[in-house]
Amino acid sequence: MVENVAPVVAELEQDDINLLSGVEHGMRFSEYVAREKLVEFSRLTAEEVDYRLDRCEDRGLVERKTIQYQGFKLTFEGYDALALHTFAQRETLEGVGSPLGVGKESDVYEAQSYKPLALKFHREGYTNFREVMKEREYTADREHVSWQYTARKAAEREYEALETLYPDVSVPQPLDTNRHAIVMEKIDGVELSRTKLSEEQVVPVLELVLDEMAAAYDGGFVHADMSEYNVFVTEQGVVVFDWPQAVPTDHENARELLTRDVENIVNYFKRKYPALVGEVQIDDLTAAIAGDEFEELAAYAE
């Protein structure tokens, strides 16, 4: 867990970082990196490589395996350590606080800095590697794909979407990214799935979510994974988060994904508040979000 890695980062010396970076580089070509290759990749002597490998293995940052050769790979803790080291060097954050949310594809922690921040580590490909390989476009044209690569590409895609959309769309403000990690604004709100809205709030909140989807489309992105678990309800309105699967609006499947997003959100409201949300024509609503005149949802409510 990241909270256990943070204290370890303070103990690491520059040559430890060089060794970890060397293992990271080698994993671009194979899952386990031969010890002999690490001399070249880390630019350390053979003796120094052995010493640093022992230090990093003792701290759980690398894993050793003997196959036809003795190989090493980064653990996710090792990858976390590299990202944390970079953020510390940039003075982006000073430490890692309590978990804010731990899921299948990402872990989010409170970041200790000049103001409350959130630190998100992408985990795509670590526990569900085969599934991610099938689903994510950025793995399609590579012969060898490591879990670090899939996690880093997910972070890059999410950061690009956030940077493009903020502040015109209500998304967390992105502040920094490195490898598989993103530092962003911490949102004070409640997940839509855990929010109990009053009768007067239901349709206005649904409208707010759809308005943000329309603004995102106008800004060039479809979320592509919209659900009640990716929206915060705050005192100011709503905030849409979790953008690693976002696609540009010129993507060949953008309209199909937008339709699915609209359907997911509308169906959630219809299931939870059936007496308050009437029949909604998903295709018409999708067309409105994609650029036609945006209609008031009140027209769809009973």
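Per chain, residues are indexed from 1 in the order of the written sequence. pLDDT decides what is reported in this predicted model: residues at 70 or higher carry local features, side-chain atom pairs at 80 or more are listed and counted, and totals for whole chains, interfaces and linings draw on all residues regardless. Derived side-chain values reflect all non-hydrogen atoms in the structure, with water molecules and hydrogen atoms excluded from consideration.

Caption draft 1: Here's a closer look at unusual backbone geometry. For the peptide bond that leads from Y166 to P167, omega is 5°, which places it in the cis range. Mapped onto the secondary structure, P167 falls in the loop between α7 (147-165) and β7 (174-178). With phi around 60°, R43 is a residue other than glycine that occupies positive phi space. The buried label applies to any residue whose accessible area, calculated with a 1.4 Å probe on protein chains only, is under 20% of its type's maximum; exposed applies above 50%, and partly exposed to all values in between. Take R43: its relative accessible area is 78%, and that puts it in the exposed class. Of note, the phi angle at E91 is positive, near 65°, even though the residue is not glycine. Secondary structure elements are taken from DSSP: a helix is a run of H or I of four residues or more, a strand is a run of E of two residues or more, and numbering for both begins at the N terminus.

Caption draft 2: The arrangement of empty space enclosed by the protein in detail. Whether a set of points on the 1 Å grid over the protein atoms alone is a cavity depends on a 1.4 Å probe fitting there but being unable to get out, while an open set qualifies as a pocket with protein on both sides within 12 Å along at least five of seven lines; lining residues are those with an atom within 4 Å of a point. Grid points are joined across faces, edges and corners, and a volume is the space filled by probe spheres set on the points. Going through the model one piece at a time under the given rule, you end up with one cavity of 30 Å³ or more. By volume, the largest cavity amounts to about 60 Å³. Surrounding the largest cavity, E212, M213, A216, F221, V222, H223, M226, V240, W243, L258 and D261 form its lining. Elements with a contribution of two residues or more to the lining of the largest cavity: α8 (199-218), β10 (221-222) and α9 (254-272). Among the elements that line the lining of the largest cavity, the one with the most residues is α8, at three residues. Class assignment for the residues of the lining of the largest cavity results in eight nonpolar, one polar and two charged. Gly counts as polar in this scheme, as do all residues outside two lists: the nonpolar Ala, Val, Leu, Ile, Met, Phe, Trp, Tyr, Cys and Pro, and the charged Asp, Glu, Lys and Arg.

Caption draft 3: Quick look at the packing of aromatic side chains. Stacked, tilted and edge-to-face are the three classes applied to pairs of Phe, Tyr and Trp rings, where Trp contributes its six-membered ring and a pair requires centres within 6.5 Å; stacked means planes under 30 degrees apart, edge-to-face means over 60, and tilted covers the rest. A complete count under the given rule lists eight aromatic pairs for this structure. Measuring from centroid to centroid gives 6.5 Å for Y109 and F121, while their planes differ by 75°, and the two rings are edge-to-face. Linking Y109 in strand β5 (residues 106-112) with F121 in strand β6 (residues 117-122), this pair joins segments that are twelve residues apart in sequence. Y109 gets classed as buried once you look at its relative accessible area, which sits at 0%. Consider the rings of F232 and F241, whose centres lie 4.3 Å apart with planes at 25°: the pair is stacked. Of the residues examined, F241 reaches a relative accessible area of 14% and is grouped as buried. Taken together, the aromatic side chains of F76, Y79 and W147 make up a single cluster linked through ring pairs. A ring has a charge above it when a Lys NZ or an Arg CZ is no more than 6 Å from the ring centre and no more than 35 degrees off the ring normal. Against the face of F76 rests R123, its NZ or CZ located 4.5 Å from the ring centre.

Caption draft 4: Structural context of the sheet that holds β6. Here, any two strands with at least 2 DSSP bridges between them count as paired. Pairing in this open sheet of five strands is antiparallel, and the strands run β4-β5-β6-β8-β7 from one edge to the other. At either end of the open sheet lies a strand with only one pairing partner, and these are β4 (95-102) and β7. Sheet twist, expressed as the mean angle between neighbouring strand axes with direction ignored, is 25°. Bridge count for β4 against β5 is five bridges, and the pairing is antiparallel. Each residue of the ladder has a partner; that of G95, found in β5, is Q112. Fitted lines through C-alpha atoms serve as axes, helices being fitted only where they are in contact, and the angles separating the N-to-C directions of these axes extend from 0 to 180 degrees.

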